[in-house]
Every structure is written in C-alpha cells, then in structure tokens.
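# Residue-level structural notes
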Amino acid sequence: GRLAAIAPEVDARNRHFAVEVRTLNPDMRLLSGMYGVATIPLQRVEKVVIIPREAIVSRGSTHVVLRIDRTSGAGTAVSGTIVEVPVQEGLSNGTHVQIASGLKAGDTIVADARRDVSAGSRVNAIFAN
C-alpha cells in the first residue's frame, strides 16, 4: 500500500499513532479500521555481504565470525579449519546483519557462532539446502 495520512499526534498512553494506508483490496479481505504492523525501511544497501545475527559472537569489544578456511571440497561439503575473523557490522534488520568489513562474498562461515567450536578446529562443513 501507499501511505495516505499520518495522525498529527501520538497517543501518550501507548506511544502509537494512526496512519492511513491505501492499498488494493479486490477480494475485500481488508476492512476499514483494521490494525496492522508495518516495517518502514529507513536505509537500503545493495550488493553487500549479509549473514545471520547468530553467526556473530563477541570477544571482548570485538565482534568475530567463525570462517572456515577451505583445505578441500566443493559443492555440498567442505573441509577446513575454523578461523576467528574480526568483522565490522553495518545495517541490521534484527535477524540478519550487513558485514561492512572482514568477510567477502563466497566465504564459508559457521551459521551459529554460539556453538562450541574453537579457532583452529578442523571441520567438515555440510551446506544446508
């Protein structure tokens, strides 16, 4: 839909404010006065590295990602060694994070860095479909 109007005042009790969105409704499923939840993107980036929030772990004041340095393999399985890579975070939507520096497209990482995997460990990664 498209934003048609915004209420000039916020409800002090619940910090909500009314907005009017106009949208097509050919099957009449949306009724006047219905409530909804929307996300309004304030920034947009393209052609960046994006990873799951869970792939980032803190080491003191540094954020790191566990990258798998490949020693062999291709396709659905890769052998390699875990390396902690410091990363600089960019934009986030809460579940995924842009990596501004530290990783490049095509790097293989541990998707959930909360797992008990330490740097230097040898792994056989299997990619999820």
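What comes next is a walk through the structure. (Residues numbered from 1 in each chain as written. Predicted model: local features only at pLDDT ≥ 70, side-chain atom pairs only at ≥ 80, totals over all residues. Heavy atoms only, no water.)

This part is about the sheet that holds strand E3 (residues 49–52). Here we have three strands laid out as an open sheet, ordered E3-E8-E7, and antiparallel in their pairing. Single-partner strands in this sheet number two, and they are E3 and strand E7 (88–92). Neighbour to neighbour, the strand axes of the sheet diverge by 45° on average, direction disregarded. Both E7 and strand E8 (residues 96–101) contribute to a ladder of three bridges, which runs antiparallel. Each bridged residue has a counterpart across the sheet, and for Gln88 the counterpart in E8 is Ser101. (Pairing = 2+ DSSP bridges. Helix = DSSP H or I, 4+ residues; strand = E, 2+ residues; numbered from the N terminus. Axes fitted to C-alpha atoms, helices over the stretch in contact; angles between N-to-C directions.)

Looking at where Arg67 falls in the secondary structure, it is placed in strand E5 (residues 62–74). At a separation of 2.9 Å, a polar atom in the side chain of Arg67 contacts the side chain of Asp69. (Polar contact = N/O pair within 3.5 Å; in protein donor to acceptor, adjacent residues only side chain to side chain.)

One recurring pattern in soluble globular proteins: nonpolar side chains tend to sit buried together. Listed in full, the 11 residues of the largest apolar core are Val49, Ile51, Ala55, Ile56, Val65, Val85, Val87, Val97, Ile99, Leu103 and Ile109. Elements supplying a minimum of two residues to this core: E3 and E8. Leave out the neighbours within four places in its chain, and Val65 touches Ile51, Ala55, Ile56, Val83, Glu84, Val85, Val87, Leu103 and Ile109. Grouped together as the second largest cluster of nonpolar side chains are 10 residues, Val64, Leu66, Ile68 and Val78 included. (Core = buried A, V, L, I, M, F, W, Y, C linked by side-chain atoms within 4.5 Å. Buried < 20%, exposed > 50% of the residue type's maximum accessible area, 1.4 Å probe, protein only. Contact = heavy atoms within 4.5 Å.)

Moving on, we get to the layout of surface pockets. Roughly 1,200 Å³ of volume is contained in the largest pocket. As for the largest pocket, its lining consists of 24 residues, of which Val19, Glu20, Val21, Met34 and Gly36 are closest to the centre. The residue inventory of the lining of the largest pocket, partitioned by class, reads 13 nonpolar, eight polar and three charged. Volume-wise, the second largest pocket comes out at about 310 Å³. Lining the second largest pocket are 14 residues, and of these Gln43, Arg44, Leu91, Ser92 and Asn93 lie nearest its centre. For the lining of the second largest pocket, the secondary structure elements donating two or more residues are E7 and E8. Considering each element in turn, the lining of the second largest pocket owes the most residues, three residues, to E8. Here the lining of the second largest pocket is built from residues that sort into seven nonpolar, six polar and one charged. (1 Å grid on protein atoms, 1.4 Å probe; cavity = no way out; pocket = protein on both sides within 12 Å on 5 of 7 lines; lining within 4 Å. Points joined across faces, edges and corners; volume = space filled by probe spheres on them. Nonpolar A, V, L, I, M, F, W, Y, C, P; charged D, E, K, R; others polar.)

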